[in-house]
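# Examination of the molecular architecture
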Amino acid sequence: MESRILELRDRSQRNLARFGRSALIALAVGAALGVAITGIYVTYRLTRQPSRRERLERLLPSSLTGWSGRLVRTRRTRGRRHPGRGLPPIHLSVGERATARPDRDRTAARVLLR
């Protein structure tokens, strides 16, 4: 019986050592992949051609390029709906015609009448 206990103990210690080596190898492979991917990304960013906006930002001071960046983003998104905003508000009441947005004067008049 005691020989069986010793054998099981030795086997568990070997399995634990094997698991430790496997975990260390997996950690090293993950770290090597992370370093390789980071190196590839940095190399790509350093060797690619800069865009017009990046050239402009390098040429002009940041105080001047701030408004141009906002202008470019506004021009790109003008006329598009942003996905998080949903539909525009629509005010419908019984017996009234549908309007795209509630008339502020009429709303104020209704509040005053109540």
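Since we're looking at a predicted model, the values are computed, not measured.

Bringing the overall build of the protein into the picture now. Across its full length, the protein carries 4 helices and 0 strands. For the protein, with 114 residues in total, the buried portion stands at 4%. Counting every atom, the protein has about 11100 Å² of accessible surface; 61% of that belongs to carbon and sulfur.

Looking now at a nonpolar patch on the surface. A cluster of nonpolar side chains, contributed by Ile 25, Val 29, Leu 33 and Ile 37, occupies part of the molecular surface with about 400 Å² of accessible area. Structurally, Val 29 can be placed in helix α1 (residues 2-47). The exposure class of Val 29 is partly exposed, given its relative accessible area of 45%.

Another aspect to go through is the confidence of the model for the protein. For the protein, per-residue confidence averages 77 on the pLDDT scale, and residues scoring 70 or more make up 53% of the total. Across the protein, the element-wise mean pLDDT spans from 63 in helix α3 (residues 62-77) up to 94 in α1.

Let's shift gears to the pattern of salt bridges. Using the criterion set out here, one finds 3 salt bridges in the structure. Arg 45 serves as the salt-bridge partner of Glu 54, at 3.9 Å between the closest nitrogen and oxygen. Note that Arg 48 and Glu 54 form a salt bridge whose closest N and O atoms lie 2.7 Å from each other. One salt-bridge network, in which partners are shared between bridges, spans Arg 45, Arg 48 and Glu 54.

About the cut-offs
- Residues numbered from 1 in each chain as written.
- Predicted model: local features only at pLDDT ≥ 70, side-chain atom pairs only at ≥ 80, totals over all residues.
- Heavy atoms only, no water.
- Helix = DSSP H or I, 4+ residues; strand = E, 2+ residues; numbered from the N terminus.
- Buried < 20%, exposed > 50% of the residue type's maximum accessible area, 1.4 Å probe, protein only.
- Areas by Shrake-Rupley, 256 points an atom, 1.4 Å probe, with all protein chains shown as cover.
- Patch = residues over 30% accessible without salt bridge, like charges linked within 9 Å, V, L, I, M, F, W, Y side chains within 5 Å.
- Salt bridge = Lys/Arg side-chain N within 4 Å of Asp/Glu carboxyl O.
- pLDDT = per-residue confidence, 0-100.

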